[in-house]
Amino acid sequence: MTTPTDHDDSRPAESRTAVPQTRPGTVDPRLLEVLVCPVTKGPLDYDAEAGELISRAAKLVYPIREGIPIMLPEEARPLAD
């Protein structure tokens, strides 16, 4: 019996990883689509230039370090109005 993972995949191993490869300092757009604010569970705005995710509802700004969003409220800074 075969399962969906038993198929022959001729792609190189590095292109079959679960996490898509992105340029350093960038965030995978698919990840940005599913991330929500951990405080409000609401949407986030991505500021690519500043490397931050903004929760307007919580008035918090979450940092992105080395392409990884840090979604901990204690790591966020207050959003300046």
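Before reading on, note that the structure itself is shown above.
Residues numbered from 1 in each chain as written. Predicted model: local features only at pLDDT ≥ 70, side-chain atom pairs only at ≥ 80, totals over all residues. Heavy atoms only, no water.

J.: I'd love a proper account of the overall build of the protein chain, names of residues and values included.
T.: Looking only at helices and strands, the protein chain has 1 helix and 5 strands in total. When each of the 81 residues of the protein chain is scored for burial, the buried share is 28%. Carbon and sulfur atoms form 56% of the exposed surface of the protein chain, whose accessible area is close to 6200 Å². (Helix = DSSP H or I, 4+ residues; strand = E, 2+ residues; numbered from the N terminus. Buried < 20%, exposed > 50% of the residue type's maximum accessible area, 1.4 Å probe, protein only. Areas by Shrake-Rupley, 256 points an atom, 1.4 Å probe, with all protein chains shown as cover.)

J.: So what's going on with the pairing of strand β2 (residues 52-55)? Which residues, and what values?
T.: Here is the key point about a regular strand: its side chains alternate between the two faces of the sheet. Side-chain alternation along β2 places Glu52 and Ile54 on one buried face and Leu53 and Ser55 on a second face that is also buried. Taken together, the 3 bridges between strand β1 (residues 45-47) and β2 define a ladder with antiparallel strand orientation. What sits directly across from Asp47, in β2, is Glu52. From the end of β1 to the start of β2, which pair antiparallel, there are 4 residues, and Gly51 there has a positive phi angle of about 70°. Of the strand pairs in this sheet, β2 and strand β3 (residues 60-65) are connected by 4 bridges, and their pairing is antiparallel. The residue of β3 that forms the bridge with Leu53 is Tyr62. With antiparallel pairing between neighbouring strands as the criterion, β2 and β3 make up a hairpin whose turn holds 4 residues, including Lys59 at a positive phi of roughly 55°. (Pairing = 2+ DSSP bridges.)

J.: Kindly report on the nonpolar core, identifying the contributing residues and their values.
T.: One finds Val27, Leu35, Cys37, Leu44, Leu53, Ala58, Leu60, Tyr62, Ile64, Met71 and Ala76 forming the largest nonpolar core, which totals 11 residues. Sorting elements by how many residues they give to this core places β3 first, with 3 residues. Other than its neighbours up to four places away in sequence, Ala76 contacts Leu60, Val61, Tyr62 and Pro63. (Core = buried A, V, L, I, M, F, W, Y, C linked by side-chain atoms within 4.5 Å. Contact = heavy atoms within 4.5 Å.)

J.: Report on the environment of Ala57, specifying residues and quantitative values.
T.: Checked against the element boundaries, Ala57 lands in the loop between β2 and β3. With relative accessibility at 63%, the residue Ala57 sits in the exposed group. In this structure the C-alpha to C-alpha distance between Ala57 and Cys37, which are 20 residues apart in sequence, comes to 8.7 Å.

Honestly, it's all geometry; don't read function into it.
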